[in-house]
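# An overview of the molecular structure
Chain by chain, the residues run as shown.
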Amino acid sequence: MFSSAIIDYDYIMSLISKFTQPDVPKKEKMTKKELIDLISSTSNLMDEREDIGEYINTLEAGKGLDEKSIRAGYQKFKAEKSAKELDAVANKHDIESASLQEFVDKIMERMIFDGEKLSDLLEPLGLGWRDRTKKELELMEDLIPLLKKLADGREIVGLKAYE
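These notes cover the structure that comes with them. (Residues numbered from 1 in each chain as written. Predicted model: local features only at pLDDT ≥ 70, side-chain atom pairs only at ≥ 80, totals over all residues. Heavy atoms only, no water.)

## Brief notes about the pattern of salt bridges
Rules: When a carboxyl oxygen of Asp or Glu is within 4 Å of a side-chain nitrogen of Lys or Arg, the pair counts as a salt bridge. Counting from the N terminus, the helices are DSSP H or I runs at least four residues long and the strands are E runs at least two residues long. Only protein chains enter the accessibility calculation, which uses a 1.4 Å probe; a residue whose area is less than 20% of its type maximum is buried, one above 50% is exposed, and one in between is partly exposed.
Inspection of the entire model under this criterion finds seven salt bridges. One salt bridge connects Lys81 with Glu50, and the closest N-O pair in it is separated by 3.5 Å. Of this pair, Lys81 sits in helix 4 (residues 67-92) while Glu50 is found in helix 3 (residues 49-58), placing the two residues 31 residues apart along the sequence. Among the ionic pairs, Glu85 bridges to Lys149, the shortest N-O distance being 4.0 Å. Here Glu85 is found in helix 4, whereas its partner Lys149 is found in helix 7 (residues 129-151), with 64 residues between them in sequence. Judged by relative accessible area, Glu85 falls into the partly exposed class, the value being 24%. Lys149 gets classed as partly exposed once you look at its relative accessible area, which sits at 39%. Several salt bridges share partner residues, and in doing so they unite Glu50, Asp51, Glu54, Lys81, Glu85 and Lys149 into one network.

Set out below in structure tokens:
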């Protein structure tokens, strides 16, 4: 048998769907903990274990969600979580959330990090070059993990300069 991220992902979504079904016999039904433990043992989903576990904890057994609803709900959950994390970074660094979101969206759209756009992002703070450089490094320390997560294993050109 071969290991495939797509098969594993599909299988996990199927298991989550079964978890929410009201008519599954008790002997066949998994608990949230068993489901999360199973996901934690899946090597292909290492980067998503935490998110999937958190998502499962938001679901109620017996709601009867199908796989399509589970997938859509999980994608929405990840997007909302990412937006909250980005808002937290924006607040921490006194940057407008919408501007930071636009900056990140441009990076992810092109998969290219533009240091000049980073300077533009921090321009409203009115910092001198030394303080702006320090602020850029502090911001990137918080932003790099989020960018890598959004990139989902793909390379973002130019990001290594800040790592």
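## So, the side chain of Lys135
The test is simple: Contact between two residues is taken to exist if any of their heavy atoms lie within 4.5 Å; hydrogens are not considered.
Tracing the backbone shows Lys135 in helix 7. Apart from residues no more than four positions distant in its own chain, Lys135 is found in contact with Lys92, His93, Asp94, Leu122, Leu125 and Leu127.

## A look at the packing of aromatic side chains
Let me state the cut-off plainly: Any two rings among Phe, Tyr and Trp, with Trp reduced to its six-membered ring, count as a pair given centres within 6.5 Å; such a pair is stacked if its planes are under 30 degrees apart, edge-to-face if over 60, and tilted if neither.
Scanning the entire structure with this criterion turns up four aromatic pairs. For the pair Phe103 and Phe113, a centre-to-centre distance of 5.9 Å together with 85° between the ring planes defines the contact as edge-to-face. Placement of the pair is Phe103 in helix 5 (residues 97-110) and Phe113 in the loop between helix 5 and helix 6 (115-122), with a sequence separation of ten residues. Residue Phe103 shares its accessibility class with Phe113, and that shared class is buried. Ring centres 5.1 Å apart and planes at 70° place the aromatic pair Phe113 and Tyr162 in the edge-to-face group.

## Some thoughts on the packing of helix 3 against helix 4
For clarity, the cut-off: Here, axes are lines fitted to C-alpha atoms. For helices the fit covers the stretch in contact, and angles between N-to-C directions go from 0 to 180 degrees. Note on angle classes: values under 35 degrees are labelled roughly parallel, values over 145 roughly antiparallel, values of 65 to 115 roughly perpendicular, and the remainder oblique. Two helices crossing with the near one rotated counterclockwise from the far one by less than a right angle form a left-handed crossing, whereas a clockwise rotation gives a right-handed crossing. Only Asp, Glu, Lys and Arg are considered charged, only Ala, Val, Leu, Ile, Met, Phe, Trp, Tyr, Cys and Pro nonpolar, and every remaining residue, Gly among them, polar.
Axis separation between helix 3 and helix 4 bottoms out at 10 Å; the angle between their running directions is 115°. For the element pair helix 3 / helix 4, the angle class is roughly perpendicular. Helix 4 is crossed by helix 3, and the crossing has right-handed handedness. Contacts between helix 3 and helix 4 pair Glu50, Asp51, Ile52, Glu54, Tyr55 and Thr58 from the former with Ser69, Ile70, Gly73, Tyr74, Phe77, Lys78 and Lys81 from the latter. Across the contact of helix 3 with helix 4, the residue classes tally to five nonpolar, three polar and five charged.

## Some details on unusual backbone geometry
A positive phi angle, near 55°, is found at Asp94, a position not held by glycine. Residue position: Asp94 is located in the loop between helix 4 and helix 5. Overall, the relative accessible area of 56% leaves Asp94 in the exposed class. Look at Met111: it is not a glycine, yet its phi comes out positive at around 60°.

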